[in-house]
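Structural description and commentary
If you want the building blocks of each chain, they are given just below.
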Protein chains: 2
Amino acid sequence: MTTKKKSSVKPSKQSSYANAGVDVALGNRVKSGIGAIVRPTHGAEVLGGIGGFGGLFQPNFRKRGIKDAVLVSSVDGVGTKLKIAFATNRHETIGQDLVNHCINDIAVTGARPLFFLDYIAAAKLEPRILRQIITGLSKACKAAGCALIGGETAQMPGLYSEGEYDLAGAITGIVDRKDLLDGSRVKVGDTLVGLPANGLHTNGYSLARKVLFELLDLKLTDRPAGLGTTIGAELLKVHRSYLPEFEKLHAMKGKPLHAAAHITGGGLIDNLPRILPRGCNALINPLSWRVPAIYGIIGKGGHVDPLEMYQVFNMGIGMVLVVPGKQGDEIARSLGGRVIGEIVKGNGVVRFDPEPGCQ
Amino acid sequence: MTTKKKSSVKPSKQSSYANAGVDVALGNRVKSGIGAIVRPTHGAEVLGGIGGFGGLFQPNFRKRGIKDAVLVSSVDGVGTKLKIAFATNRHETIGQDLVNHCINDIAVTGARPLFFLDYIAAAKLEPRILRQIITGLSKACKAAGCALIGGETAQMPGLYSEGEYDLAGAITGIVDRKDLLDGSRVKVGDTLVGLPANGLHTNGYSLARKVLFELLDLKLTDRPAGLGTTIGAELLKVHRSYLPEFEKLHAMKGKPLHAAAHITGGGLIDNLPRILPRGCNALINPLSWRVPAIYGIIGKGGHVDPLEMYQVFNMGIGMVLVVPGKQGDEIARSLGGRVIGEIVKGNGVVRFDPEPGCQ
């Protein structure tokens, strides 16, 4: 979206490209408003303006206290949460979802975000929708001190349905080599602190939609008992950024953070093993936190195997921190989280005690 | 694709997620083969293996001779060239297209690629196709000394049609601040050297497909007079990487490269202005190179306005270099290009002399 195309010669009125479904003039008109939206995310490290071929970023290593710079990069999408954005015609939060998801993915290595680029693909650009998406991206970038330095908006007639789009993005962050979290500090006796998620974040939407809208025949405006809000509002809750909690952890004496796992696709079951060293299991007590009501509705409504629930959804825990056993309670309290388990001897998998039952 | 998900607990046979269209086991099985494909792109600067949350890259600034590191990043897709890959069932070249496109986008700033991440989205993962795409990505990355350090494969039932997918990627490269090409060295009297494109690269496919397959009713296996190959082979030609030519230019005495423009969406008309300083025009002689036969077929077959042809397609010129007037011929010869125009006084636009006619 932000770096491409400036028009000089206007296409003729009977533009062949427009007839083929690509409106260059519309593309350029839409993009012309983008600079003002993304510029507030640009600090002193961003060079050049909008319109270059690549986004330019000169990291100030000294100011950031970085000696041995390690760049950490991740790419992601928002999955079929997009379908909820389409159905509710709300497109700002989806951009925040994407940025926050990416921020968390690199934060677990100890990295702070530097810059972000987005990819938006649609059959046809809708200026209003594009502006909403990019406003959301910018909002989340700004909040995280991350520069939105470029992107691509692709008009692909025939690949996407009318009114639909896909959205992906790539983040690059930085961490000093000595502060890199790679799982090597994790050891038996460490405590697992779970930080609460804000809704489903960006995972499990295909299953959630199938159960809620097909099996249970619910509407976006329905308010099932115990949910406290509408299905639409619940499913659009913004993927939470845990960057503020990571900043607090980095500022604590003795560097208590041994590792962290972002609970995304694959849930606790698939994500925790990514930070387990050889000879360790993660032992989780699934009764140690209150599983949000939405999962009870989905689990019961879809007769979903309880273990599968923990492999598809975050079940209310969006981030797991591994900290020294003695500091678990204190860190959980100070970050608004809970102790949900511990590191025990094992072979690199997640065990539940007790086994999760139907919610 | 490369960094996500490791399975520990297998989903039950009556998996609800599978019924909702997402096959976690398939996803994991597919991904397990990816490490071997991407690993050859990993040099000493890549830390950690496949399976982390983010890809880790520690640039060796000393070895690269970088004092003031500027990171240059770009994101892109391949547009509806994908439709040709679907129709021909060939998915390896599309990955090369994407990487080379991105390499060129940052090469024009003087940057060399460091690392790449991909995003592949489909209704359902086809292991064979995914492997072909990633093999293509890896091949192009390897050729450019660029590390493929991560990616995301998204299963999005309901958003993509059966057998289709979208493909995007993000590249990050590096350039020393003093070597950054930002257009400021361009001046009146400079020569424009055009480097030949290899086919349409990744732009204009919606128009090309409409004219060739709808208006002219051609088949992928047809061999129109003068084309010298089939329509399918012509449209699948790989987007050329100009990195080897940039390396030659960087090695030349006196740093003759003043600027460069990658001729992508928007053609010569929209891309050259991005490197023109105030008070300058680019004056192009469209008779100075042989426009490839495919554009004659599209232009005549679709009755496309000749100027629009130069705004939709590269017309045979994939990269334009701005070099000192006196060195134009010599540089063009040494890089297999041609002098196609010059920088003149003006107001930041492209002029053609003579005006392009019907090819």
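Residues numbered from 1 in each chain as written. Chains lettered and ligands numbered in written order. Predicted model: local features only at pLDDT ≥ 70, side-chain atom pairs only at ≥ 80, totals over all residues. Heavy atoms only, no water.

1. So, the overall build of chain A
Helix and strand counts for chain A come out as 14 helices and twelve strands. Its C-alpha atoms give chain A a radius of gyration of 22 Å, near enough to 21 Å, the size a compact globule of 359 residues would have. Along the longest, intermediate and shortest principal axes, the C-alpha atoms of chain A span 70 × 55 × 30 Å. Within chain A, the fraction of its 359 residues that count as buried is 64%. Within chain A, contacts between residues separated by at least 24 positions form 84% of all contacts whose residues are at least 6 apart in sequence. With the model as given, the accessible surface of chain A reaches about 13300 Å², and the carbon-plus-sulfur share is 50%. Of the side-chain charges in chain A, 43 are positive and 31 negative, and the distance between the mean point of each set is 7 Å. (Helix = DSSP H or I, 4+ residues; strand = E, 2+ residues; numbered from the N terminus. Rg over C-alpha atoms; globule rule 2.2 N^0.38 Å. Buried < 20%, exposed > 50% of the residue type's maximum accessible area, 1.4 Å probe, protein only. Contact = heavy atoms within 4.5 Å. Areas by Shrake-Rupley, 256 points an atom, 1.4 Å probe, with all protein chains shown as cover. Lys, Arg positive; Asp, Glu negative; His and termini not counted. Charge placed at Lys NZ, Arg CZ, Asp CG, Glu CD.)

2. Some words on the interface of chain A and chain B
Counting residues at the interface gives 95 residues for chain A and 94 residues for chain B. For the chain A and chain B pair, buried surface summed over both sides reaches about 7000 Å², with 61% attributable to carbon and sulfur atoms. Along the contact surface separating chain A from chain B lie zero salt bridges. Summed over the shared surface of chain A and chain B, the number is 13 residue pairs in polar contact (both at pLDDT 80 or more). When residues of the side of chain A that touches chain B are assigned to their parent elements, the largest contribution, nine residues, is made by strand β3 (residues 69-77) of chain A. Considered class by class, the residues forming the side of chain A that touches chain B number 46 nonpolar, 30 polar and 19 charged. Pairing of strand β2 (residues 55-57) of chain A with strand β3 (residues 69-77) of chain B, which is carried by three bridges, proceeds in the antiparallel orientation. The partner of A:Phe57 across the bridge, within β3(B), is B:Leu71. (Buried area = accessible area lost by both parts, 1.4 Å probe. Salt bridge = Lys/Arg side-chain N within 4 Å of Asp/Glu carboxyl O. Polar contact = N/O pair within 3.5 Å; in protein donor to acceptor, adjacent residues only side chain to side chain. Nonpolar A, V, L, I, M, F, W, Y, C, P; charged D, E, K, R; others polar. Pairing = 2+ DSSP bridges.)

3. Remarks on the domain arrangement of chain A
Residue and element names in this part refer to chain A. Here chain A is described as being made up of domain 1 (19-179) and domain 2 (191-352). Averaged C-alpha coordinates put domain 1 and domain 2 at centres separated by 25 Å. Counting residues at the interface gives 24 residues for domain 1 and 27 residues for domain 2. When domain 1 packs against domain 2, close to 2100 Å² is buried across both sides, 62% of that on carbon and sulfur atoms. Of all residues in domain 1, the largest losses of buried area upon contact with domain 2 belong to Lys81, Ile84 and Asn104, amounting jointly to 28% of the total for that side. Counting every contact that joins domain 1 to domain 2 gives two salt bridges. A salt bridge links Arg112 to Glu247; the shortest N-O distance between them is 2.8 Å. Our count for the contact surface shared by domain 1 and domain 2 stands at twelve residue pairs in polar contact (both at pLDDT 80 or more). Counting residues per element, the ones that place at least two in the side of domain 1 that touches domain 2 are α5 (81-88), α6 (93-107) and β4 (112-122). With nine residues, α6 is the single largest residue contributor to the side of domain 1 that touches domain 2. Here the side of domain 1 that touches domain 2 is built from residues that sort into nine nonpolar, eight polar and seven charged. (Domains from an automatic or database assignment.)

4. Details of the relation of the copies chain A and chain B
Overlay of chain A on chain B (RMSD 0.0 Å): rotation 180°, translation along the axis 0.0 Å. Taken together, the turn and the small shift mark the pair as related by a two-fold rotation axis. Interface overlap between copies is the fraction of interface residues in one copy that are interface residues in the other; for chain A against chain B it reaches 99%, indicating a shared surface. (Least-squares fit on C-alpha atoms with pLDDT ≥ 70 in both.)

5. Notes on the sheet that holds β2(A)
Taken in spatial order, the six strands of this open sheet run β1(A)-β2(A)-β3(B)-β6(B)-β4(B)-β5(B), and their pairing is mixed. The open sheet has two edge strands with one neighbour each: β1 (46-47) of chain A together with β5 (147-155) of chain B. Judged from the ten bridges that link them, strand β4 (residues 112-122) of chain B and strand β6 (residues 165-176) of chain B form a sheet pairing that is antiparallel. If you follow B:Phe115 over to β6(B), its bridge partner there is B:Thr172. Those strands touched by helix α7 (residues 127-143) of chain B are β4, β5 and β6 of chain B, and its axis lies near 170° from that of β4(B). (Axes fitted to C-alpha atoms, helices over the stretch in contact; angles between N-to-C directions.)

6. Topic: the pattern of salt bridges
All names here are of chain A. By the definition in use, this model includes 26 salt bridges over all chains. The residue Asp97 makes a salt bridge to Lys81 at a minimum N-O spacing of 3.0 Å. Of this pair, Asp97 sits in helix α6 while Lys81 is found in helix α5, placing the two residues 16 residues apart along the sequence. Between Glu92 and Lys139 there is a salt bridge, and its shortest N-O distance comes to 3.7 Å. Taken together, the residues span a long stretch of sequence, with Glu92 in the loop between α5 and α6 and Lys139 in helix α7 (residues 127-143) at a distance of 47 residues.

7. Some thoughts on the environment of A:Ile275
Residue placement: A:Ile275 occurs in the loop between α11 (267-271) and β9 (280-284). For the pair A:Ile275 and A:Glu164, spaced 111 residues apart in sequence, the C-alpha to C-alpha distance is 36 Å. Excluding residues within four positions of it along the chain, A:Ile275 makes contact with A:Gly183, A:Val186, A:Ala259, A:Ala260, A:Ala261, A:Val322 and B:Phe53.

8. Examining the packing of helix α8 (residues 205-215) of chain A against helix α12 (residues 293-302) of chain A
All names here are of chain A. For the pair α8 and α12, interaxial distance at closest approach is 9 Å and the crossing angle is 70°. The angle between α8 and α12 places the two elements in the roughly perpendicular class. Classified by chirality, the crossing of α12 by α8 is left-handed. Counting all contacts with α8, which are made through Ala208, Val211, Leu212 and Leu215, the residues of α12 involved are Ile294, Ile297, Ile298, Gly301 and Gly302. Considering only residue class, the contact of α8 with α12 consists of seven nonpolar, two polar and no charged. (Parallel < 35°, antiparallel > 145°, perpendicular 65-115°, else oblique. Left-handed = near helix turned anticlockwise from the far one by under 90°.)

9. Details of the packing of aromatic side chains
All names here are of chain A. Applying the stated rule across the entire model yields twelve aromatic pairs over all chains. Between Trp289 and Tyr310, the ring centres sit 6.5 Å apart and the planes meet at 75°, which makes this aromatic pair edge-to-face. Here Trp289, found in the loop between β9 and α12, pairs with Tyr310, found in helix α13 (residues 306-312); they are 21 residues apart in sequence, far enough to count as distant. Judged on exposure class, the residue Trp289 and its partner Tyr310 are both buried. Here the aromatic cluster, defined as three or more aromatic residues joined through ring pairs, consists of Trp289, Tyr310 and Phe352. (Phe/Tyr/Trp six-rings, centres within 6.5 Å; stacked < 30°, edge-to-face > 60°.)

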